[in-house]
Amino acid sequence: MSSQMSHGSTWSARRSAQGKSTWCKSRGLRSIAVLAACVTAFIAPMSARADWPERQVKLIVTFPPGSANDAAARIFADALGKKWGKPVVVEDRPGAEGTIGVGSFVASQDDHTLLYTVAGSITVAPLLVDRLPYDVNHDLVPIASTTAIVLTLAVSNQLSVNSIPELIAALRTNPEKYAWASGPTLPRFVFSAFLKQHDLKMNFVSYRDASQPQADLGEGRIQALLTSLTASSSPVQAGKARFLAVVNPSRAATLPDIKTVRELGYPELEIDGLAGIYGGKALSEAVRNRIAADVAAICRDADVRRKLETSGHNVLNGTTEELKQAIEKQRAAVNQLTKVIDIRNPQ
């Protein structure tokens, strides 16, 4: 009897253990199934992003229609639209040192909206605007460099100089006799600092109409102009003014014989007016990498390069790292400028 009970107990224990094992396996299988479902649910949207863009892409540009950077943005938008098979629509939102356009972009929180702007929107804007409606270090994610707008230092024929040393000598001989103008922000800050560093005095003239400075340069109402190539070329082409230097780190493709300010021994006048494409936090890293690769391919396209160079740009490599490094380099340069001038009241 005892043996039978012992045998029965053992059999029951085995049945119980088998039941528990089966229940555990079943529960484990259910857990795995739930986990697999979760993983599938997570991966599915990620794989769907391989088909990005799923609809029209908006490219917010912080420059006015017809400007050199707006023209470049439209060239990239057209090329990207062809690559992606979806339209890329440019929306110009200029004003307030680019902060209007950047604010609009950040507020969109949309993974089908990109931003086209210059590095100054990150490096300069925080120093000029007390309360930005966004955080430049967290709300703007650099994706790809595009171009550097060609900037030049031009002088009127009324000022009979052919070099920067001659310009310095003329200004020193006739303090406050001559006037100058520039493009907004960095060109103005850099030339103001240059004048101060060399103990020179000129009268700054401010303009609302971007086309007026080059007309006044040609007529001798201002004697020096530091701005984009497209905004200073007319009086030079008319034989009423001349270029003294290219202000970019490298020479311009369309002005191969004009040396840079660094080559001429005046690196304090150097400006890298670099532009690029940015994304927001809603854009996945995979999509950002794809956009960067496509922009880099566009930058290598001979026809695109020709269009951009003709419209006054140096074409860059189209990489994320190039854009990030340029931002940091410009940030350091701007910090140095603040030690020389008050950029909120440069002159």
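Everything discussed here concerns the structure shown above.
In this text, all values refer to a predicted model and were calculated from it rather than measured experimentally.

Q: Looking at this structure, I do not really get the overall build of the protein. What am I missing?
A: Within the protein, the secondary structure is distributed over twelve helices and eleven strands. Of all intrachain contacts in the protein linking residues separated by at least 6 positions in sequence, the fraction that spans at least 24 positions is 75%. With the model as given, the accessible surface of the protein reaches about 17,300 Å², and the carbon-plus-sulfur share is 53%.

Q: What is the right way to look at the sheet that holds strand S7 (residues 203–204) in this model?
A: In a beta sheet, neighbouring strands are held together by backbone hydrogen bonds and run either parallel or antiparallel to one another. Spatial strand order, S7-S6-S8-S5-S9: five strands in an open sheet with mixed pairing. With one partner strand each, in any of the chains shown, S7 and strand S9 (241–246) form the two edges of the open sheet.

Q: I tried to follow the pattern of salt bridges on my own but got confused; where do I start?
A: Pairs may arise between side chains of opposite charge once their charged atoms sit close together. Taken as a whole and assessed by the stated rule, the structure comprises 17 salt bridges. As a salt-bridge pair, aspartate 92 and arginine 74 come within 2.8 Å of each other at their nearest N and O atoms. Taken together, the residues aspartate 92 in strand S2 (residues 88–92) and arginine 74 in helix H2 (residues 68–84) connect sequence positions 18 residues apart. Judged by relative accessible area, aspartate 92 falls into the buried class, the value being 17%. Here arginine 251 ties to glutamate 263 by a salt bridge, and the two come within 2.9 Å at their closest N and O atoms. Here arginine 251, found in the loop between S9 and strand S10 (274–279), pairs with glutamate 263, found in the loop between S9 and S10; they are twelve residues apart in sequence, far enough to count as distant. Classification of glutamate 263 by relative accessible area gives partly exposed; the value is 44%.

Q: Before we go on, may I ask you to explain the nonpolar core in this structure?
A: Considering soluble globular proteins, one finds that nonpolar side chains tend to be buried as a cluster. Grouped together as the largest cluster of nonpolar side chains are 38 residues, with contacts concentrated most on Leu153, Ile164, Phe191, Phe194 and Leu269. Only strand S5 (151–156), helix H6 (164–173), helix H7 (186–197), strand S8 (224–228), S9 and helix H12 (320–337) provide two or more residues apiece to this core. Ranked by residues supplied to this core, first place goes to H7 with seven residues. Residues in contact with leucine 153, not counting those within four places in the same chain, are Ile164, Leu167, Phe191, Leu225, Leu226, Arg242, Phe243, Leu244, Ala245, Val247 and Leu269. By size, the runner-up hydrophobic cluster in this structure holds 32 residues, among which are Ala72, Phe76, Ala79 and Ala292.

Q: Help me understand the packing of H2 against helix H11 (residues 302–310) in this model?
A: Two packed helices can be described by the angle between their axes and the distance between those axes. Where H2 contacts H11, the two axes come as close as 10 Å, and the packing angle between them is 165°. Of the possible angle classes, the one that applies to H2 and H11 is roughly antiparallel. In this structure, H2 meets H11 at a crossing whose hand is right-handed. Where H2 approaches H11, its residues Ala72, Ile75 and Phe76 are matched on the opposing element by Val304, Lys307 and Leu308.

Q: How should the packing of aromatic side chains be read in this particular structure?
A: What characterises a pair of aromatic rings is the spacing of the ring centres plus the angle enclosed by the ring planes. Overall, the coordinates contain six aromatic pairs when judged by the stated rule. Judged by centre distance (5.0 Å) and plane angle (70°), the rings of tryptophan 52 and tryptophan 84 are edge-to-face. Taken as a pair, tryptophan 52 in the loop between helix H1 (2–48) and strand S1 (57–61) and tryptophan 84 in helix H2 lie far apart in primary sequence, 32 residues in all. Both residues of the pair, tryptophan 52 and tryptophan 84, count as buried. Connected via pairs of aromatic rings, a cluster forms that spans Trp180, Phe191, Phe194, Phe204 and Tyr266.

Q: Looking at this structure, how should I read helix H8 (residues 212–219)?
A: Along an α-helix, residues three or four positions apart point the same way, because every turn accommodates 3.6 residues. Of all the residues in H8, the buried ones are Pro213, Gln214, Asp216, Leu217 and Gly218. Phi turns positive one or two residues past the end of H8, at glycine 220, with a value near 80°.

Q: In this structure, what is going on with the packing of H2 against helix H10 (residues 285–300)? I would like to understand it.
A: Contact pair H2 / H10: the axes reach a minimum separation of 10 Å and the direction vectors enclose 115°. The interaxial crossing formed by H2 with H10 has right-handed handedness. Each of Phe76, Ala79, Leu80, Lys83 and Trp84 in H2 lies in contact with H10, whose residues at this interface are Arg290, Ile291, Asp294, Val295, Ala297, Ile298 and Cys299. When the residues that make up the contact of H2 with H10 are grouped by side-chain class, the tally is nine nonpolar, no polar and three charged.

Q: Honestly, the side chain of glutamine 214 in this entry has me stumped. Any pointers?
A: Relative to the assigned elements, glutamine 214 resides in helix H8. One polar contact links the side chain of glutamine 214 to the main-chain amide nitrogen of serine 234, over a distance of 3.3 Å.

What counts and what doesn't
Residues numbered from 1 in each chain as written. Predicted model: local features only at pLDDT ≥ 70, side-chain atom pairs only at ≥ 80, totals over all residues. Heavy atoms only, no water. Helix = DSSP H or I, 4+ residues; strand = E, 2+ residues; numbered from the N terminus. Contact = heavy atoms within 4.5 Å. Areas by Shrake-Rupley, 256 points an atom, 1.4 Å probe, with all protein chains shown as cover. Pairing = 2+ DSSP bridges. Salt bridge = Lys/Arg side-chain N within 4 Å of Asp/Glu carboxyl O. Buried < 20%, exposed > 50% of the residue type's maximum accessible area, 1.4 Å probe, protein only. Core = buried A, V, L, I, M, F, W, Y, C linked by side-chain atoms within 4.5 Å. Axes fitted to C-alpha atoms, helices over the stretch in contact; angles between N-to-C directions. Parallel < 35°, antiparallel > 145°, perpendicular 65-115°, else oblique. Left-handed = near helix turned anticlockwise from the far one by under 90°. Phe/Tyr/Trp six-rings, centres within 6.5 Å; stacked < 30°, edge-to-face > 60°. Nonpolar A, V, L, I, M, F, W, Y, C, P; charged D, E, K, R; others polar. Polar contact = N/O pair within 3.5 Å; in protein donor to acceptor, adjacent residues only side chain to side chain.

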